[in-house]
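Remarks on the overall topology
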Amino acid sequence: WDCGVFVCRYAVALYKLRNQPITFGELQLAKPLEKSITQNDLMKFNMTDIDLLREGMGKLVDNLSLLFLNEKNNKKQQMPESPYPTLLGGSDDILPSDSPTVLGSNDILRS
């Protein structure tokens, strides 16, 4: 399950390396990009680093969840109740009898 954390760690390292120039000569080497990317200090990490990143990402998701749920609840309280029943529960009729009904793609709305 750490494979996703490793991918994130490599992505961070590559993001930080994005402005590092790579010469055409480096691409002609037997092992291209080994020195500039693979052996770069940003790519040197261990399981302690992965554990810390996993913990940090968990805290981030927890905090974002709290913010999201708080905002969702605030919006729910501010929204007026819809006069139309929902598809999940409520009446079998989707629209009340006094609302316009769509007859078909070539028809017009009628009240």
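Throughout what follows, the structure given in this document is the object of discussion. What you are looking at is a predicted structure, and each value in this text was computed from that prediction instead of being measured. (Residues numbered from 1 in each chain as written. Predicted model: local features only at pLDDT ≥ 70, side-chain atom pairs only at ≥ 80, totals over all residues. Heavy atoms only, no water.)

1. What about the side chain of Glu26?
Along the chain, the position of Glu26 falls in helix 2 (residues 24-27). Here Glu26 occupies a buried position and makes no salt bridge, while the nearest side chain of opposite charge, Lys35, is found at 7.2 Å. Reaching out from Glu26, the side chain makes a polar contact with the backbone nitrogen of Thr23 at a distance of 3.0 Å. Engagement of the side chain of Glu26 in a polar contact is seen with the side chain of Ser36, the distance being 3.3 Å. Ignoring any residue separated from it by four or fewer positions in sequence, one finds Glu26 in contact with Pro21, Pro32, Leu33 and Ser36. (Helix = DSSP H or I, 4+ residues; strand = E, 2+ residues; numbered from the N terminus. Buried < 20%, exposed > 50% of the residue type's maximum accessible area, 1.4 Å probe, protein only. Lys, Arg positive; Asp, Glu negative; His and termini not counted. Salt bridge = Lys/Arg side-chain N within 4 Å of Asp/Glu carboxyl O. Polar contact = N/O pair within 3.5 Å; in protein donor to acceptor, adjacent residues only side chain to side chain. Contact = heavy atoms within 4.5 Å.)

2. Observations regarding helix 4 (residues 47-78)
Residues that lie three or four places apart on an α-helix share one face, since the helix turns once every 3.6 residues. The first and last C-alpha atoms of helix 4 sit 46 Å apart over 32 residues, in line with the 46 Å expected at 1.5 Å per residue. The backbone nitrogen of Thr48 lies 2.9 Å from a side-chain oxygen of the residue at the head of helix 4, namely Asn46. (Expected span 1.5 Å × (residues − 1).)

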